[in-house]
Amino acid sequence: MAHEDKQFVTEITPQQEDFSRWYIDVIKKADLMDYSPVRGCIVFKPDGYEIWEHIQQELDRRFKETGHRNAYFPLFIPESFFQKEKEHVEGFNPELPWVTEAAGEKLEERLAIRPTSETMIGHMYERWIQSYRDLPVLINQWANVVRWEKRTLPFLRTSEFLWQEGHTAHENEEEAREETMKILEIYRDFVENYLAIPVIVGQKTPSEKFAGAVDTFSIEAMMKDGRAVQAGTSHYLGTNFAKAFEIKYLNRENVQEYVHTTSWGVSTRLIGSLIMVHGDDRGLALPPKVAPKQVMIIPIGPPKTRDLVVGRADELFSELKKAGVRVGIDDRADVRPGWKFNEYEMRGVPIRLEIGPRDMENGVCVLVSRISGEKKVIEQANLVQEVQAMLEQVHQEMYDRARSFREENFYSVDTLDEMKAKVEEQRGFTLAGWCGSEACEDTVKSETGATSRNIPFETEVQKHTCLVCGEQAKHTVIFARAY
């Protein structure tokens, strides 16, 4: 049996050996996705999709709580819409797939498959908004979008992906900016308290902001290979799209004015992020709040007591299920317990529950944490309460570990040479001063491969000189290589 169990785990490449290979091994072996015949597009298998469903349900609840409603807009966008917001079309042009013919006939106007919906929604808002009484418009859409990526990685960067995109319209700048920050805080709170991923909140530099935005704000997360993932963005669009699409309203003084708009989104990249933040050489480690199964029950013991143990395991299953815990039971007689332990560890199930004949006699069972490996003997009478407490503990430990990892791989540098040395020797984020010029930002990118992630709202260290030119720093910026 030992040989079999060892074999099962050796099929995962160790993270230190080749992180990308580890990632692909894990998501395939844990059965989260499969490759489709279309380049850069994946099939979400039920476990992978269920993680997205949990993300979706919780975020949807939070959006509705803050007054947003869901709508749906078309997948196809006329080419002329993109021409209206010049900066926007330039930003997306390289990634756009076009529909040029349908039903055997060439189309009069090419249609883009949506990379994002600002233009379509701008067109509709122009028709819907007449007066200040129609404002604010607070709409969110759950949809798929297409961006024809050159380099793809399942969940993190695919040609088609799933997301939500919020689009709101307001009377003035103050209200629109308040909305932008409110959503950013929803994202931060959700990613930290639901996915157990610590993030850095801040503003994007002008070269990294969304095409057509006045200001873009982001939450940035560190993966276990030290790279960054932009885990969510919220944009203040000012009146840029309102002017492009003539979205005007009669204000309280009966004067025509342009609305101020926002847009914001998170996507299935969050699945890739939580795998890369929490996974280890044994496989996935899923945050309890989004894990498809939070507890897996494994009955143990010789054939003669098997029926009794399985019967009791079924009762424990029903008790947990009734309490709202997502629970599974693996009572296959022809698979050894050690093999099962390995399998569910690899699949990232937060808690394993073991029960054998002796446990039955004593009215106890054993809970094992996927994160700490702690084995806890508990009274069956306290099952629900003990499981819920351990799920909370697992979440907290996952968050604390990810935060410690980020702190250990976070460096403060003063010069480009220092940054180069850090990037070569170590993985992680670097904090540096920046004068505000795009030239200096480009130099960092070309010489280190790191891009500016954001200008953090909170930082213990304030930088005073630009790492490239040595002039006075306007901003303290986080730079990192990113997905």
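Structure: see above.
Residues numbered from 1 in each chain as written. Predicted model: local features only at pLDDT ≥ 70, side-chain atom pairs only at ≥ 80, totals over all residues. Heavy atoms only, no water.

Asks: Looking at this structure, I do not really get the overall build of the protein. What am I missing?
Replies: Helix and strand content of the protein: 15 helices and 23 strands. Against the globule reference of 23 Å for 483 residues, the protein gives a C-alpha radius of gyration of 25 Å, in line with a compact fold. With the principal axes as the frame, the protein shows a C-alpha extent of 85 × 55 × 50 Å. Surface exposure of the protein reaches about 21800 Å², of which carbon and sulfur atoms provide 48%. For the protein, the separation between the mean place of its 61 positive charges and that of its 79 negative charges on side chains is 3 Å. (Helix = DSSP H or I, 4+ residues; strand = E, 2+ residues; numbered from the N terminus. Rg over C-alpha atoms; globule rule 2.2 N^0.38 Å. Areas by Shrake-Rupley, 256 points an atom, 1.4 Å probe, with all protein chains shown as cover. Lys, Arg positive; Asp, Glu negative; His and termini not counted. Charge placed at Lys NZ, Arg CZ, Asp CG, Glu CD.)

Asks: Any chance you could explain the packing of aromatic side chains here in plain terms?
Replies: In this description, an aromatic ring pair is defined by two values, namely the gap between the centres and the angle between the planes. Enumeration according to the criterion identifies 15 aromatic pairs in this entry. Seen from their ring centres, Phe-63 and Trp-142 are 6.4 Å apart, and the 35 degrees between their planes marks the pair as tilted. Taken together, the residues Phe-63 in helix H3 (residues 46–65) and Trp-142 in strand S7 (residues 137–146) connect sequence positions 79 residues apart. Of the two residues examined, Phe-63 and Trp-142, each falls in the buried class. (Phe/Tyr/Trp six-rings, centres within 6.5 Å; stacked < 30°, edge-to-face > 60°. Buried < 20%, exposed > 50% of the residue type's maximum accessible area, 1.4 Å probe, protein only.)

Asks: What's the story with the pattern of salt bridges in this structure? I'm lost.
Replies: Should their charged atoms come close, side chains of opposite charge can pair. Using the criterion set out here, one finds 37 salt bridges in the structure. Here Lys-29 makes a salt bridge to Glu-11, at a shortest N to O gap of 3.3 Å. With Lys-29 in helix H2 (residues 19–29) and Glu-11 in the loop between helix H1 (2–10) and H2, the pair connects residues that are 18 residues apart, well separated along the chain. For Lys-29, a relative accessible area of 24% corresponds to the partly exposed category. On the basis of relative accessible area, Glu-11 is assigned to the partly exposed category, the value being 42%. The partner of Arg-227 in a salt bridge is Asp-225, and the shortest N-O contact between them spans 3.9 Å. Residue Arg-227 is classed as partly exposed on the basis of its relative accessible area of 29%. What makes Asp-225 buried here is its relative accessible area of 17%. Taken together, the shared-partner salt bridges connect Glu-58, Arg-61, Arg-62, Glu-65, Glu-185, Arg-188, Asp-189 and Glu-192 into one network. (Salt bridge = Lys/Arg side-chain N within 4 Å of Asp/Glu carboxyl O.)

Asks: I'm lost on the layout of surface pockets in this one. Help?
Replies: If you roll a probe as big as a water molecule over the atoms, it shows you where there is empty space left. Put simply, the second largest pocket is a space of about 610 Å³. Looking at the lining of the second largest pocket, the elements with two or more residues in it are helix H7 (173–193), strand S9 (200–203), helix H13 (383–408) and strand S20 (410–412). Residue composition of the lining of the second largest pocket, grouped by class: 10 nonpolar, two polar and seven charged. (1 Å grid on protein atoms, 1.4 Å probe; cavity = no way out; pocket = protein on both sides within 12 Å on 5 of 7 lines; lining within 4 Å. Points joined across faces, edges and corners; volume = space filled by probe spheres on them. Nonpolar A, V, L, I, M, F, W, Y, C, P; charged D, E, K, R; others polar.)

Asks: Even after reading the chapter, I still don't get the sheet that holds strand S19 (residues 375–379), so can you show me in this structure?
Replies: With respect to topology, five strands assemble into an open sheet ordered S16-S15-S17-S18-S19, the strand pairing being mixed. Strands at the two margins of the open sheet, each flanked by one partner only, are strand S16 (327–329) and S19. Across the sheet, the mean angle separating the axes of adjacent strands is 25 degrees when strand polarity is ignored. The pairing of strand S18 (residues 364–369) with S19 spans five bridges and is classified as antiparallel. Residue Val-368 lies in a different strand from S19, and its bridge partner there is Lys-375. (Pairing = 2+ DSSP bridges. Axes fitted to C-alpha atoms, helices over the stretch in contact; angles between N-to-C directions.)

Asks: How should the sheet that holds S20 be read in this particular structure?
Replies: Consider a sheet: its strands pair through backbone hydrogen bonds, and that pairing is either parallel or antiparallel. Taken in spatial order, the 11 strands make up an open sheet running S3-S7-S8-S14-S11-S10-S9-S22-S23-S21-S20, and their pairing is mixed. Where the open sheet ends on each side, the last strands, each with one partner, are strand S3 (69–70) and S20. In the packing of H3 onto the sheet, the strands contacted are S3, S7, strand S8 (160–170) and strand S14 (260–267), and the crossing angle to S7 comes to about 165 degrees. Strand contacts of H13: S9, strand S10 (215–222) and S20, with the helix running at about 30 degrees to S20, the strand carrying the most contacts. (Contact = heavy atoms within 4.5 Å.)

Asks: When you look at the pairing of S18 in this model, what are you seeing that I'm missing?
Replies: Each regular strand carries side chains that alternate between the two faces of the sheet. Buried residues dominate S18, accounting for six of its six residues. The two faces of S18 match: Val-364, Val-366 and Val-368 on one face and Cys-365, Leu-367 and Ser-369 on the other face are all buried. The pairing of strand S17 (residues 351–355) with S18 spans four bridges and is antiparallel. Bridge pairing links Leu-353 to Leu-367 in S18.

Asks: I would appreciate a short explanation of the nonpolar core in the present structure.
Replies: Counting residues in each nonpolar core, the largest one holds 54 residues, and the members touching the most others are Tyr-23, Ile-55, Leu-59, Phe-155, Leu-195 and Ile-275. Counting residues in hydrophobic clusters, the runner-up holds 27 residues, among them Ile-139, Phe-210, Ala-242 and Ile-247. (Core = buried A, V, L, I, M, F, W, Y, C linked by side-chain atoms within 4.5 Å.)

Asks: Sorry if this is basic, but what is going on with helix H11 (residues 337–346) here?
Replies: One full turn of an α-helix is made of 3.6 residues, so residues set three or four places apart face in the same direction. Counting buried positions over the 10 residues of H11 gives eight, a clear majority of the element. If you check which residues of H11 are buried, you get Gly-338, Lys-340, Phe-341, Asn-342, Glu-343, Tyr-344, Glu-345 and Met-346. Phi for Gly-348, located one or two positions after H11, is positive at around 85 degrees.

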